[in-house]
Amino acid sequence: MLRVLLVSLLSVFLFTSATAQDAPEAVPDRSATGGAQTLEDILARQRGETLDDGFRRDDTGNADGAGISDQLGTLGGASDSELWRALRYDTADVTASNSGHAATTLVQDGGMRWLSFREGPLVTYGGYLLLGTLGLLALFFLIRGRIRIDGEKTGRTIERFKAIERFGHWLLAGSFILLGITGLISLMGRKFLIPMFGHESFAFIATGSKWVHNNVSWAFMLALIMIFVMWVVHNLPSRTDINWLLKGGGLLTKGHPPAKKFNAGQKLIFWSVIVFGTSISLTGLSLLFPFEMPMFAATFEKMNAWGISSLLGLGELRTTLAPHEEMQYAQLWHAIVSFVLMAIVLAHIYIGSIGMEGAYDAMGSGQVEEQWAREHHSLWVEEVKAKEGAAPAE
Ligand code: HEM
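(A) Looking closely at the overall build of the protein. Summing up its helical and strand segments, the protein has 16 helices and two strands in all. For the protein, the exposed surface amounts to about 22600 Å²; the carbon and sulfur share of it is 64%.

Following this line, the structure appears as structure tokens:
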């Protein structure tokens, strides 16, 4: 799972590095074109090579000709190439009837790169990640089987989660599953559902999916805040986590390392849900309100300033992005992080249901068998018993 995760994260970096400004190379001789691009530049671009286009990008808005309102006509004394270069690099003084930078950006060139990444590696590696995770879980089930309650059941139960906690959890779980399914339909439906159902039926499914996805997102964000507030104190790292991790949580061996209310594995799930869920929510909001919440140029600026981009080998990231490029990054990041979180959540669903005897009750009725609690969360049981005033039983 880790490998696939690394591959998909790597692919983000590869994608972003494609748009990063590379270290300055030896300047090609463009004297024959008076400094404009040459046939070699065009051919290199067509081969998909990254070109330092600074010679064009930085050469806008410096026409010597008369201004647009001067006597020489609409273009003034500016040449066509001057105008087109300014449009191409978004420095032209464009006025549109509806306001906003997106409306006045007439040319942006991230679209094809975004489309081919979205249709290609994103679908392929994202799909492999989910299928690979399911395969690994099936293999784990075949090898390890269901993790049983080892000791004698006591017949007594302990309250593990209150009704409000279970409500928060199921709101999160229900919304996440709906968002996952409808998100996958939006991303992969053209490829997999159109051949099965045809265009018309898919149009209906896609429209419904988009509606559900957009609206259910609010439930997810609300639930994310709920579980954060309710459970953050139980998920702060503690010394017992190291021991738990060193023993692999007792997943592959017999015996149960001590744990508080949440063991280290659960804490990793919790923080993944919080961090990735927040990242998905922010980029989702940015997609829900197009062009209103650009966040990538500012992030790239911080990554450059803090040296993160060079640490990752991305060079200097571009910090002036067209509004459409902001949307393209938001969409890709939203989908990539969602794939990673879906894979993690699949493992969580497995262990919270068929993977472990007695676990589901915690979120079902809220009451768990005391023996289960002693085996998996011994320190928590002691705390609960101490609070009840009863001496902790062996
Ligand atoms: C639909 C199937 C799901 C089942 C059967 C399930 C089951 C459970 C159970 C039994 C627990 C309590 C574990 C314990 O008592 O220690 C739990 C906790 C939790 N669940 Fe789920 N869950 C599901 C889906 C989800 C989803 C989709 C998310 C997030 C998007 C999620 C996030 C969490 C978190 C953050 C916790 C607390 C940390 C942890 O126990 O790992 N769950 N879940």
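Picking up after the structure, the text goes on.
(B) Representation of the side chain of Asn304 within the structure. With respect to the element layout, Asn304 can be found in helix 11 (residues 296-305). The class of Asn304 is buried, set by a relative accessible area of 14%. Setting aside chain neighbours within four positions, we find Asn304 in contact with Ser309, Gly315, Glu316, Leu317 and Thr319.

(C) Looking closely at the pattern of salt bridges. The final tally for this structure, using the stated rule, is ten salt bridges. Put simply, Arg148 and Glu357 hold a salt bridge, and the shortest N to O gap is 4.0 Å. Taken together, the positions of Arg148 in the loop between helix 6 (111-144) and strand 1 (157-159) and Glu357 in the loop between helix 13 (323-352) and helix 14 (360-364) put the pair 209 residues apart, joining distant regions of the chain. By relative accessible area, Glu357 is classed as buried at 13%. Here the salt bridges do not stand alone but share partners, grouping Arg156, Glu370, Arg374 and Lys385 into one network.

(D) Expanded view of the site of the ligand. Close to the ligand lie 23 residues, the nearest being Arg160, His169, Gln266, His348 and Ala362. Here a nitrogen atom of the ligand sits 2.8 Å away from a polar atom, N or O, in the side chain of His169. Contact between the ligand and Gln266: an oxygen atom at 2.4 Å from a side-chain N or O atom of the residue. At the level of secondary structure, the elements contributing two or more residues to the shell around the ligand comprise helix 7 (163-192), helix 8 (194-231), helix 10 (264-288), helix 13 and helix 14. For the shell around the ligand, the leading source of residues is helix 7, giving six residues. Among the residues making up the shell around the ligand, the classes are represented as 17 nonpolar, five polar and one charged.

(E) Looking closely at the packing of aromatic side chains. Using the criterion set out here, one finds twelve aromatic pairs in the structure. Between the aromatic rings of Phe140 and Tyr350, the centroid separation amounts to 6.2 Å while the plane-to-plane angle is 80°, which identifies the pairing as edge-to-face. One end of the pair, Phe140, is in helix 6; the other, Tyr350, is in helix 13, with 210 residues separating them in the sequence. The interplanar angle of 85° and the centroid separation of 5.1 Å between the aromatic rings of Phe270 and Trp271 together place this pair among those described as edge-to-face. On the basis of relative accessible area, Phe270 is assigned to the buried category, the value being 5%. Linked through ring pairs, Phe140, Phe141 and Tyr350 together constitute an aromatic cluster.

(F) Representation of the coordination of the iron atom of the ligand in the model. Coordination of the iron atom of the ligand by the protein involves His169 (NE2) and His348 (NE2), with metal-donor separations of 2.0 Å. One can describe the donor arrangement at the iron atom of the ligand as octahedral, given that its six donor atoms subtend angles of 86 to 179° at the metal. Of this pair, His169 sits in helix 7 while His348 is found in helix 13, placing the two residues 179 residues apart along the sequence. Accessibility expressed as a relative area gives 30% for His348, which makes it partly exposed.

(G) Molecular detail of the packing of helix 10 against helix 13. At a closest axis distance of 9 Å, the pairing of helix 10 and helix 13 adopts a crossing angle of 150°. Judged by the angle between their axes, helix 10 and helix 13 are roughly antiparallel. With respect to the hand of their crossing, helix 10 and helix 13 are arranged in left-handed fashion. From helix 10, Ile269, Ser272, Val273, Phe276, Gly277, Ser279, Ile280, Thr283, Gly284, Ser286 and Leu287 reach across to helix 13, where they touch Met327, Ala330, Gln331, Trp333, His334, Val337, Ser338, Val340, Leu341, Ile344 and His348. Residue classes in the contact of helix 10 with helix 13 are distributed as twelve nonpolar, ten polar and no charged.

(H) Broad picture of the nonpolar core. Counting residues in hydrophobic clusters, the biggest one holds 45 residues, and the most contacted among them are Leu122 and Phe339. Counting residues per element, the ones that place at least two in this core are helix 6, helix 7, helix 8, helix 10, helix 13, helix 14, helix 15 (370-376) and helix 16 (378-388). Per-element accounting of this core gives the leading share, nine residues, to helix 13. If near-sequence neighbours (up to four positions away) are discounted, Phe339 is found in contact with Leu122, Gly126, Gly127, Leu129, Leu130, Leu184, Leu187 and Met188.

(I) Spatial organisation of helix 13. Relative to the 44 Å expected for 30 residues at 1.5 Å per residue, helix 13 spans 42 Å between its end C-alpha atoms, a close match to the ideal helical length. When you tally the buried positions in helix 13, you get 22 out of 30 residues, the bulk of the element.

Here is what the cut-offs are and how they apply
- Residues numbered from 1 in each chain as written.
- Predicted model: local features only at pLDDT ≥ 70, side-chain atom pairs only at ≥ 80, totals over all residues.
- Heavy atoms only, no water.
- Helix = DSSP H or I, 4+ residues; strand = E, 2+ residues; numbered from the N terminus.
- Areas by Shrake-Rupley, 256 points an atom, 1.4 Å probe, with all protein chains shown as cover.
- Buried < 20%, exposed > 50% of the residue type's maximum accessible area, 1.4 Å probe, protein only.
- Contact = heavy atoms within 4.5 Å.
- Salt bridge = Lys/Arg side-chain N within 4 Å of Asp/Glu carboxyl O.
- Near = heavy atom within 4 Å.
- Polar contact = N/O pair within 3.5 Å; in protein donor to acceptor, adjacent residues only side chain to side chain.
- Nonpolar A, V, L, I, M, F, W, Y, C, P; charged D, E, K, R; others polar.
- Phe/Tyr/Trp six-rings, centres within 6.5 Å; stacked < 30°, edge-to-face > 60°.
- Donors = N, O, S within 2.8 Å, 3.2 Å for Na, K, Ca; no water.
- Tetrahedral: all angles 85-135°; square planar, octahedral: opposite > 155°, others 65-115°.
- Axes fitted to C-alpha atoms, helices over the stretch in contact; angles between N-to-C directions.
- Parallel < 35°, antiparallel > 145°, perpendicular 65-115°, else oblique.
- Left-handed = near helix turned anticlockwise from the far one by under 90°.
- Core = buried A, V, L, I, M, F, W, Y, C linked by side-chain atoms within 4.5 Å.
- Expected span 1.5 Å × (residues − 1).

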